[in-house]
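A look at the structure
One letter stands for each residue in the lines below.
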Amino acid sequence: MRLKEIQRTAHPAWSPAPHHPICLALGTSAQQLDASFNTTAALEIFQVDFADPSLDMKLKGSLPTSNRLHSLVWVNFGAGEDGLGGRLIGGSENGTVTVYSPEAIVTSGEEAIIGQSDKHTGPVRALDFNPFQSNLLASGANDSEIYIWDLNNFSNPMTPGTKSQPPEDISVVSWNRQVQHILASANPSGKAVVWDLRKNEPIIKISDHSNRMHCSGMLWHPEVATQLVLASEDDRMPVIQMWDLRFATSPLKVLENHTRGLLSIAWSQADPELLLSSAKDNRILCWNPNTGEVIYELPTTNQWCFDIQWCPRNPALLSAASFDGWISVYSVMGGSLEAQQQSRADQIGMQSLCGTLPQISSSFDTMDPFGTGQVLPPLQVPQATPQTTLVAPLRKPPKWVRRPVGASFAFGGKLITFESPKAPVQSPQPVPVPRQVFVSQVTTETELLQRSRELQAALQSGSLSDYCQAKIHKAPTDSEQDIWKFLLVNFEDEARVKFLRLLGFSKVDLERKISTCLGKNVQPNGHGVDANDLAEKIQLLSTQRSEESGDAVDSTKTPGSSSPSDFFSQIPPQPQDKEKISFQIPVSADADGLISQALLVGNFEGAVDLCLNDGRYAEAILLAISGGQELLQKTQQTYLDKQRNSISMVRRGTYLDKQRNSIYMLISSVVTQNWGDMVQSCDLDNWKEALAALLTYAHPKQFAPLCGKNTRMLRIVTKESVNPDLLLP
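Residues numbered from 1 in each chain as written. Predicted model: local features only at pLDDT ≥ 70, side-chain atom pairs only at ≥ 80, totals over all residues. Heavy atoms only, no water.

A few words on the sheet that holds strand β32 (residues 414-419). Pairing is antiparallel in the open sheet, where 3 strands are placed in the order β31-β32-β33. If you trace the sheet from one side to the other, it starts and ends with β31 (405-410) and β33 (437-441), each paired once. Taken over all neighbouring pairs, the strand axes of this sheet differ in orientation by 20 degrees on average, direction set aside. Sheet topology places β32 next to β33; 5 bridges connect them, and they run antiparallel. Across the sheet, residue Lys414 finds its bridge partner in β33, namely Gln441. (Pairing = 2+ DSSP bridges. Helix = DSSP H or I, 4+ residues; strand = E, 2+ residues; numbered from the N terminus. Axes fitted to C-alpha atoms, helices over the stretch in contact; angles between N-to-C directions.)

Below you can see the structure in the form of structure tokens.
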């Protein structure tokens, strides 16, 4: 995907990686002319601003030069603490090597040229700086001339050794990326020489036996010190050869896909699996050198690209300089070409209509018959309609996008890690490297880990009760013991009963307390009721009734006897709807506390006995209903027995309430369905009422026997002068 472009016939050079923002230096290219036949030369610096959506680049500075360039590099030597500056070195067509200051060019300073030397006798076509020592620079020119320059002492270069014979042009020089004293040079005949600067002599020479390998580019492998690639410019052999110096008899691998000779190659320092190549077939390909396949092809114009370079700071960017006078910045991450094609079509149209033809006309002398000075009419160039084209990205993510390592913690102290292993350097052939994920145990707290293991073992074996018992014995505090006791109950039988016991409510202890409480109130008369206490309660009830009668008399007074304010003052306050009434559950040793405890553990029988013992008959009946039918019948019988005993005690006390006695007898008969006792003990004056009760409640099978039971019924009939013939047999 094209991001930026500018119309220049120049050699590009990216700013070093520490430099920010990213800049691109352009030096006017030698042996190339544009349509205007302009022979001037300049060194320009442009800022590559990706925040600007347009394809234009902003010019930061320009310096006119006297010579055009064959090569241009930007080194980080002399850069400031902020990463700005560095040095620009250009190799010109007349053999001059010039050192420029980028800061001076940007600020339009006078000291833009720092150093200059004309040691070379021919065009300087090859330049490269040492990746380990940025002050060391290698240059190559005609007659096998190779010089090593020290930017600290630029006037005295050194040679790597004796010139190779026969003398040839040096088309490319390249420093080894792993060993700092190793330098390689290549010439157009296809021969490459590896130099050892410690010995100042060549240590190995490689060449293709077909003699058709016209070398146009050479690069060292970014990671493997013994491997390099050579590019062939010959149309009969448009290949890239990969060589390994340990097996220098023949190429290790040959990359074939171009149909015409190669002009330039560039190897990504961020990902060794990305190798760019441009050729005379108007194609820019991206190779995977390990597999030999083309993984990406850049969309370019129908022009030869003579120079391609990766951006040191942003590894996804690259620059491409073509013979049509355009320098473009691409990204290998893919994108859309619609806007780019439209922009390029507009620029070409403007150039054809109003730019190129007047420049060509003005370049001729007025005496020339073709130079009439008249502006030629514009050509009618048809405008091509751009089409939307989607450029696919790389087939797999590049190295700078992939995670080199990763780690994640898992349950149980597990640590999951992975890494991207490097291929073994010893093997010249690419060997598949297994991708492994490592699972390790991280132990930071041994005690916690031991407890985790014990719990895991208990879960697997199902012995959770034993596990809780062990925790109870090891618990250092009472509160921790209580927690494990509660957990233990969950795995035992009768969990609820044991939960109540842990809460302090034991049914056995409660029954003993209830028995003790009931035993204190049991009297020797065997009736279970204290006569004196019952007499006091009856006396208190009589007093309350007399007071209620007095209040009733007072209520018959006229309304005028009391003031209106008394009426409003006697109105009870209304309770608030949202007011929450809190209460406390008594658990003391008295009757209330024992009743509460009995209810908490579900002992309805004990609670009913306590209520009956304390004279709380209504509460006893209500609780008996919740306790079941059997308890309800027992409670009813106990209540009736107590009432009968109390009435008999009152009769012996010299006063008798016959009406109350009759009501209790009738209630007892209705509740217990014991109509035989009622018939036998009913007063003779109430024989009609007794008969009505039998008619209402007696079962049909029991009605006749009850009516004729004993002779009491006969006495009732005789007293009323009933005809004996009407009596039942």
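Now that the structure is up, let's keep going.
Now for the packing of aromatic side chains. Tallied over the full model, the rule gives 6 aromatic pairs. Through a chain of ring-to-ring contacts, three or more aromatic side chains come together here, namely Tyr147, Trp149 and Phe154. (Phe/Tyr/Trp six-rings, centres within 6.5 Å; stacked < 30°, edge-to-face > 60°.)

Among all positions of helix α4 (residues 464-474), only Tyr467, Cys468, Lys471 and Ile472 are buried. On an axial view of α4, the arc spanned by its buried residues comes to 140 degrees, and they lie on one face. Opposite its buried face, α4 presents the exposed residues Asp466, His473 and Lys474, each directed more than 90 degrees away. Where the residues of α4 are buried, they touch α3 (446-461) and α5 (478-489). (Buried < 20%, exposed > 50% of the residue type's maximum accessible area, 1.4 Å probe, protein only. Arc of directions from axis to C-beta. Contact = heavy atoms within 4.5 Å.)

If you walk across this open sheet you meet the 4 strands as β14-β15-β16-β17, and the pairing is antiparallel. Strands at the two margins of the open sheet, each flanked by one partner only, are β14 (172-175) and β17 (201-206). The average undirected angle you get between the axes of adjacent strands in this sheet is 25 degrees. Sheet topology note: the strand β16 (residues 192-196)/β17 ladder contains 5 bridges and is antiparallel. From the neighbouring strand, Trp195 faces β17, where its bridge partner is Pro202.

The next thing to look at is the environment of Met242. Mapped onto the secondary structure, Met242 falls in strand β20 (residues 239-244). According to the relative accessible area criterion, Met242 is buried, its value standing at 5%. In sequence terms Met242 and Met218 are 24 residues apart; their C-alpha atoms lie 9.8 Å from each other. With residues up to four places along the chain from it excluded, the contact list for Met242 reads Gln227, Leu228, Val229, Pro251, Leu252, Lys253, Trp267 and Pro289.

Attention shifts here to the packing of α3 against α4. It is at 8 Å that the axes of α3 and α4 come closest, and there the two elements cross at 150 degrees. On the basis of the axis angle, α3 is roughly antiparallel to α4. For the pair α3 and α4, the contacting residues are Arg451, Glu454, Leu455, Ala458 and Leu459 in the first and Leu464, Tyr467, Lys471 and Lys474 in the second. For the contact of α3 with α4, a count of residues per class yields 5 nonpolar, no polar and 4 charged. (Parallel < 35°, antiparallel > 145°, perpendicular 65-115°, else oblique. Nonpolar A, V, L, I, M, F, W, Y, C, P; charged D, E, K, R; others polar.)

With 6 of 6 residues buried, strand β18 (residues 215-220) lies mostly within the body of the structure. The sheet contact formed by β18 and strand β19 (residues 227-232) spans 5 bridges and is antiparallel. Residue pairing for β19: Met218 is matched across the bridge by Leu230. Taken together, β18 and the strand that follows it, β19, pair antiparallel across an intervening segment of 6 residues.

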